[in-house]
Amino acid sequence: YSKVKHLLKDLDELMEAVLERILGPELSHVNTTRALNLTIWNHVPLVFIDEQNPHHPVVLDLFEDNYNGSASSTPAPGRTCSAHGCKVAMKLCSHNGTTCNFRNFSSATQAVTEWYALQATNIFAQVPNQELVAMGYSAEQLILACLFGAEACTYRNFTRIFHPDYGNCYIFNWGMKEKALPSANPGAEFGLKLILDVGQEDYVPFLTSTAGARLMLHEQMSYPFIKEEGIFAMSGMETSIGVLVDKLERKGEPYSQCTVNGSDVPIRNLYSDYNTTYSIQ
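Note that this is a predicted model, so its numbers are computed, not measured.

### Comments concerning the sheet that holds strand β5 (residues 143-148)
Then, in step 1: If you trace the three strands from one edge of the open sheet to the other, you get β6-β5-β9, paired in antiparallel fashion. The sheet is open, and its two edges are formed by β6 (151-153) and β9 (192-196), each paired on a single side. Neighbouring strand axes in the sheet, compared pairwise and without regard to direction, differ in orientation by 20° on average.
Then, in step 2: Pairing of β5 with β6, which is carried by three bridges, proceeds in the antiparallel orientation. Along β6, the bridge assignment pairs L147 with A152.

### Some remarks on the pairing of strand β4 (residues 100-104)
On a regular strand, each side chain points to the face opposite its neighbour's, so the side chains alternate between the two faces of the sheet.
Then, in step 1: By the bridge criterion, five bridges tie strand β3 (residues 87-93) to β4 in an arrangement that is antiparallel. Residue K91 lies in a different strand from β4, and its bridge partner there is F102.
Then, in step 2: Here β3 folds back onto β4, and the loop between the two strands holds six residues, one of which, G97, carries a positive phi near 80°.

### Some details on the state of the cysteines
Then, in step 1: For the structure on display, the rule yields two disulfides.
Then, in step 2: Through a disulfide, C93 is tied to C100; the S-S separation comes to 2.0 Å. Around the S-S axis, the bridge from C93 to C100 shows a dihedral of about 105° and counts as right-handed.
Then, in step 3: You can call C93 partly exposed: its relative accessible area is 36%.
Then, in step 4: Taking relative accessible area as the criterion, C100 reaches 28% and is therefore assigned partly exposed.
Then, in step 5: Here C146 connects covalently by a disulfide to C153, the sulfurs 1.8 Å from one another. With the S-S dihedral at roughly -80°, the linkage between C146 and C153 falls on the left-handed side. Residue C146 shares its accessibility class with C153, and that shared class is buried.

### Structural notes on the sheet that holds strand β1 (residues 46-50)
Whenever strands of a sheet pair, they do so through backbone hydrogen bonds, lying parallel or antiparallel.
Then, in step 1: Across the sheet, which stays open at both edges, the four strands sit in the order β2-β1-β3-β4 with antiparallel pairing between neighbours. In this open sheet, the two edge strands, each paired with only one partner strand, are β2 (58-61) and β4. The mean inter-strand angle of the sheet, taken between neighbouring strand axes irrespective of direction, is 40°.
Then, in step 2: Helix α3 (residues 108-124) rests against β1, β3 and β4 of the sheet, and its axis sits at about 25° to β3.

Reading guide: rules and limits
- Residues numbered from 1 in each chain as written.
- Predicted model: local features only at pLDDT ≥ 70, side-chain atom pairs only at ≥ 80, totals over all residues.
- Heavy atoms only, no water.
- Pairing = 2+ DSSP bridges.
- Helix = DSSP H or I, 4+ residues; strand = E, 2+ residues; numbered from the N terminus.
- Axes fitted to C-alpha atoms, helices over the stretch in contact; angles between N-to-C directions.
- Disulfide = S-S within 2.5 Å.
- Buried < 20%, exposed > 50% of the residue type's maximum accessible area, 1.4 Å probe, protein only.
- Contact = heavy atoms within 4.5 Å.

Keep in mind these numbers describe shape, not what the thing actually does.
What follows is the structure, encoded as structure tokens:
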């Protein structure tokens, strides 16, 4: 957070104001004079949807004059709304603003969390990858100690890749360029042992409410889809993970339309540099 704080300054101030209006609309007049940069907000605002009259639902933007408790000094009478009495939704509009859809959320917490993540992702997407890598945790910061098959290893034995959601990720024994290390014996004593520093004190405050490591075991030279297939390890705990490998091979013709290696699929394989195969879904 210390390295990206300057990028998120306007967004963080906006988030604090949003929380004030959702959690305590009757108290939000305290900071109505705060100068907020609403440019970010206007792209994808959060709104309250008042459905007291289901035939004529009322949409209330948290920062517009029709919301009681907004920056307006003369809010419209009777237009009060809170997270308890209304649905919280994200307003998604086309570029010219003529067509808008609303994505409803089951809770205000989920709404503001996903809204912040969307806005932060948009901000980070405008930063070159090399700068984002430098802003993330280095292997030396993250990996404090390493053992593999009772042999010592270090952060230098890991290969970094950049993930759009998780930032810097580190792969052990990938086998892409280096010689793969074998492991002949099962059991915790012969597997990979790590001591990690998750650096929780420098997490981005509104981006996540949890701390820990996300891990994944995958085939060598294959691309790790860690968001879809990863597992969590708690911070502050010793975690032991045992793995039993099942191999599933899908038959092609005449049993199904599965492709053998993807070469007959008329779509460019984004992961063709890795030992990654696909089947048609």
